[in-house]
Amino acid sequence: MRIQLHKGTGYATLFRLLDHLQQHNLRNYWLDLRQETVTTLYIVGNKYSFRMPCALATSARLPAGVAR
């Protein structure tokens, strides 16, 4: 899954997303900070262990400035 945090999105949003990952025991992710206008959080799983948390699965529940 790819979650993009656009310029102007606060650090609180990123920390909330990382907290969701920790709560749901999702440990395979990385943060791409190379682009100036967008920060991308990649979440990697496999068909046996990856279950998308509800808060991350529904774009309506994602904070403003965050895109799937």
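Anything mentioned here points back to the structure above.
So, a few notes on the structure that sits alongside this text. (Residues numbered from 1 in each chain as written. Predicted model: local features only at pLDDT ≥ 70, side-chain atom pairs only at ≥ 80, totals over all residues. Heavy atoms only, no water.)

Some thoughts on the overall build of the protein chain
Moving on, step 1. A count of helices and strands for the protein chain gives two helices and four strands.
Moving on, step 2. Starting at the N terminus, the α and β elements of the protein chain follow one another as β-α-β-β-α-β.
Moving on, step 3. Burial analysis of the protein chain (68 residues in total) assigns 28% to the buried set.
Moving on, step 4. Taking the intrachain contacts of the protein chain between residues at least 6 apart in sequence as the baseline, contacts between residues at least 24 apart amount to 55%.
Moving on, step 5. Here the protein chain displays about 5,100 Å² of accessible surface, and carbon together with sulfur accounts for 50% of that area. (Helix = DSSP H or I, 4+ residues; strand = E, 2+ residues; numbered from the N terminus. Buried < 20%, exposed > 50% of the residue type's maximum accessible area, 1.4 Å probe, protein only. Contact = heavy atoms within 4.5 Å. Areas by Shrake-Rupley, 256 points an atom, 1.4 Å probe, with all protein chains shown as cover.)

Concerning the environment of Glu36
Moving on, step 1. Tracing the backbone shows Glu36 in the loop between strand 2 (29–32) and strand 3 (38–43).
Moving on, step 2. Note on Glu36: relative accessible area 73%, which makes it exposed.
Moving on, step 3. Spatially, the C-alpha atoms of Glu36 and His6 are 9.3 Å apart, while their sequence positions differ by 30 residues.

Side note on the nonpolar core
Moving on, step 1. Ranked by size, the top nonpolar core spans eight residues in total: Ile3, Leu5, Leu14, Leu17, Leu21, Leu26, Leu41 and Ile43.
Moving on, step 2. Secondary structure elements with two or more residues in this core: strand 1 (2–6), helix 1 (11–23) and strand 3.
Moving on, step 3. Here the element with the most residues in this core is helix 1; it accounts for three residues. (Core = buried A, V, L, I, M, F, W, Y, C linked by side-chain atoms within 4.5 Å.)

Points about helix 1
Moving on, step 1. When the terminal C-alpha atoms of helix 1 are compared, their 18 Å separation across 13 residues agrees well with the 18 Å that a helix rising 1.5 Å per residue should span.
Moving on, step 2. Every buried residue of helix 1 is listed here: Thr13, Leu14, Leu17 and Leu21. Axial view of helix 1: buried residues confined to an arc of 100°, hence all on one face. In this structure, helix 1 carries Tyr11, Ala12, Phe15, Gln22 and Gln23 as exposed residues pointing more than 90 degrees from its buried face.
Moving on, step 3. Just past helix 1, the residue Asn25 takes up positive phi, approximately 55°. (Expected span 1.5 Å × (residues − 1). Arc of directions from axis to C-beta.)

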